[in-house]
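One-letter residues, chain by chain:
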Amino acid sequence: MQTFRDNAGRTWTVAIDVAAIKRVRSLIGYDLLAVLDGTGTQRLVADPVLLVDVLYALCRPEADRLAVTDEDFGRSMAGDAIEHATQAILEELVSFCPNPRDRKNLRRVVSAMWTTMEKARDVVESRIESDLQSAMSRSLAALGGSSGSSPGSSASIPMG
């Protein structure tokens, strides 16, 4: 079992078993087993609304005990909470995988996905930094170029 903490400070347990997979299917119509065959991972990770719906369905028995509605749950999920919940659900899916070889392969896929996402973030950060530096250089050059056409101080203007 994996856990994550929402932005309201509640700790949730993610446990994936056959009953949980059936609950997700019946409540939101999403098949968690699609992740095991490699087709659902990208969709689940790329769509935070879907991810939170899946998480709520997985945590539904716990949410019912705590009287946390799906709206309350959704309001408490943003930023780091979603990142940690994503890790929890993916790790739990790997653990659920019935075959040891499939588990090993899925763990490799999940690891490669995280590595690729981090590299993509590095590229984006580098691009943003480069673009910001270029924009600042252009702005400073424009300011420098326009200062030559500004009027001089009143001390340098001859009076009558």
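What you see is a predicted model, and the numbers here were worked out from it, not measured in a lab. (Residues numbered from 1 in each chain as written. Predicted model: local features only at pLDDT ≥ 70, side-chain atom pairs only at ≥ 80, totals over all residues. Heavy atoms only, no water.)

A.B. asks: Please explain helix H1 (residues 18–28) as it appears in this structure.
C.D. replies: Residues separated by three or four positions in an α-helix point in the same direction, a consequence of the helix having 3.6 residues per turn. Among the residues of H1, those classed as buried are Ala20, Ile21 and Val24. Seen along its axis, H1 keeps its buried residues to an arc of 100°; they face one direction. Away from its buried face, by an angle of more than 90 degrees, H1 presents the exposed residues Val18, Lys22 and Ser26. Lining the buried residues of H1 we find helix H2 (33–36), helix H4 (48–58) and helix H7 (80–96). Its side-chain oxygen 3.2 Å from the backbone nitrogen of Ala19, Asp17 forms the N-cap of H1. (Buried < 20%, exposed > 50% of the residue type's maximum accessible area, 1.4 Å probe, protein only. Helix = DSSP H or I, 4+ residues; strand = E, 2+ residues; numbered from the N terminus. Arc of directions from axis to C-beta. Contact = heavy atoms within 4.5 Å. Polar contact = N/O pair within 3.5 Å; in protein donor to acceptor, adjacent residues only side chain to side chain.)

A.B. asks: Please clarify how the pairing of strand E2 (residues 11–14) should be interpreted in this entry.
C.D. replies: Moving residue by residue along a regular strand, the side chains alternate between the two faces of the sheet. By the alternation rule, side chains of E2 split into Trp12 and Val14, which are all buried, and Thr11 and Thr13, of which none is buried. Strand direction decides the pairing type here: strand E1 (residues 2–5) and E2, joined by 4 bridges, are antiparallel. Bridge pairing in E2 places Thr3 opposite Thr13. (Pairing = 2+ DSSP bridges.)

A.B. asks: What is the right way to read the packing of H1 against H4 from this model?
C.D. replies: Geometrically, a packed helix pair is captured by the angle between its two axes and the distance between the axes. At a closest axis distance of 8 Å, the pairing of H1 and H4 adopts a crossing angle of 125°. Put simply, H1 runs oblique to H4. Our pair here, H1 against H4, has a crossing hand that is right-handed. On the side of H1, the interface is formed by Ala20, Arg23, Val24, Leu27 and Ile28, while H4 contributes Leu50, Asp53, Val54, Ala57 and Leu58. (Axes fitted to C-alpha atoms, helices over the stretch in contact; angles between N-to-C directions. Parallel < 35°, antiparallel > 145°, perpendicular 65-115°, else oblique. Left-handed = near helix turned anticlockwise from the far one by under 90°.)

A.B. asks: Would you take a moment to explain unusual backbone geometry for this structure?
C.D. replies: Most peptide bonds adopt trans geometry, and most residues besides glycine take a negative phi value. For Ala67, which is not glycine, the phi torsion reads 55° and is therefore positive. With respect to the secondary-structure elements, Ala67 resides in the loop between helix H5 (60–66) and helix H6 (70–75). Owing to a relative accessible area of 62%, Ala67 belongs among the exposed residues under this scheme.

A.B. asks: Even after reading the chapter, I still don't get the packing of aromatic side chains, so can you show me in this structure?
C.D. replies: Both the distance between ring centres and the angle between the ring planes are used here to describe each pair of aromatic rings. For the structure shown, the criterion picks out 2 aromatic pairs. Considering the side-chain rings of Trp12 and Phe73, the 5.1 Å spacing of their centres and the 80° angle between planes classify their relative orientation as edge-to-face. Of this pair, Trp12 sits in strand E2 while Phe73 sits in helix H6, placing them 61 residues apart in sequence. You can call Trp12 buried: its relative accessible area is 0%. Judged by its relative accessible area of 0%, Phe73 is buried. Clustering of aromatic rings is evident, with ring pairs tying together Trp12, Tyr56 and Phe73. (Phe/Tyr/Trp six-rings, centres within 6.5 Å; stacked < 30°, edge-to-face > 60°.)

Just distances and angles here, no functional claims.
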